[in-house]
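Residue strings, one per chain:
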Amino acid sequence: PCYTTGQRKGLGVSAGKHVYVVRKNARDNTILLGDNRDLFTSRLTACRVNWIAGAAPAGSIPGTAQTRAPPAEAAVTPLPDGRMEVVFDRPQRAVTAGQAVVLYDGDQVLGGGVIED
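Let me begin by describing the structure that accompanies this report.

Reading the values: rules and limits
- Residues numbered from 1 in each chain as written.
- Predicted model: local features only at pLDDT ≥ 70, side-chain atom pairs only at ≥ 80, totals over all residues.
- Heavy atoms only, no water.
- Helix = DSSP H or I, 4+ residues; strand = E, 2+ residues; numbered from the N terminus.
- Buried < 20%, exposed > 50% of the residue type's maximum accessible area, 1.4 Å probe, protein only.
- Lys, Arg positive; Asp, Glu negative; His and termini not counted.
- Charge placed at Lys NZ, Arg CZ, Asp CG, Glu CD.
- Core = buried A, V, L, I, M, F, W, Y, C linked by side-chain atoms within 4.5 Å.
- 1 Å grid on protein atoms, 1.4 Å probe; cavity = no way out; pocket = protein on both sides within 12 Å on 5 of 7 lines; lining within 4 Å.
- Points joined across faces, edges and corners; volume = space filled by probe spheres on them.
- Nonpolar A, V, L, I, M, F, W, Y, C, P; charged D, E, K, R; others polar.
- Salt bridge = Lys/Arg side-chain N within 4 Å of Asp/Glu carboxyl O.

A look at the overall build of the chain
Working step 1: For the chain, the count of helices and strands is 0 helices and 8 strands.
Working step 2: Sequence-ordered secondary structure for the chain, helices as α and strands as β, is β-β-β-β-β-β-β-β.
Working step 3: Expressed as a percentage of its 117 residues, the buried residues of the chain come to 36%.
Working step 4: Distance from the positive charge centre (13 side chains) to the negative charge centre (11 side chains) of the chain: 10 Å.

Next comes the structure, spelled out in structure tokens:
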């Protein structure tokens, strides 16, 4: 619980180069370390989705999605189980499970959810 995706400092390892937390595994209490390039992903799924309009859109919609980086162009698809998939036009760095993703259409908030993976 003391580490987050993208973290570089305070890892207590010497690898001869910068390494980052790429993934945490709570089951066996380990972390996976890797290079900066290993932190980028083009998609995420989110749960506990809240649509501001009340109902999920009927299909995939374009917009922008914001994790902890600036908003990025993406296609958002509601999933049948109340989750959603976000596919970014360009890979995003350090998308982190447990953090929020917020969806926008211009300045209008469409909704958001909790990142699962």
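Observations regarding the nonpolar core
Working step 1: Core analysis: the biggest nonpolar cluster contains 16 residues, and Leu 44, Ala 65, Met 84, Val 86, Phe 88, Val 101 and Leu 103 have the highest contact counts within it.
Working step 2: Within the residue set of this core, elements represented by two or more residues are β3 (40-51), β5 (72-78), β6 (84-93), β7 (100-105) and β8 (108-115).
Working step 3: With 4 residues, the top contributor of residues to this core is β3.

As for the layout of surface pockets
Working step 1: Empty space within the largest pocket amounts to approximately 400 Å³.
Working step 2: Lining of the largest pocket is provided by 18 residues; of these, Thr 5, Val 22, Val 95, Ala 97 and Asp 117 occupy positions nearest its centre.
Working step 3: When the residues that make up the lining of the largest pocket are grouped by side-chain class, the tally is 8 nonpolar, 4 polar and 6 charged.

Focus on the pattern of salt bridges
Working step 1: Under the criterion given, the structure shown has 5 salt bridges.
Working step 2: Across the salt bridge formed by Arg 43 and Glu 85, the nearest N and O atoms sit 3.1 Å from each other. One end of the pair, Arg 43, is in strand β3; the other, Glu 85, is in strand β6, and 42 residues separate them in sequence.
Working step 3: Between Asp 81 and Arg 83 there is a salt bridge; the shortest N-O distance is 2.8 Å.

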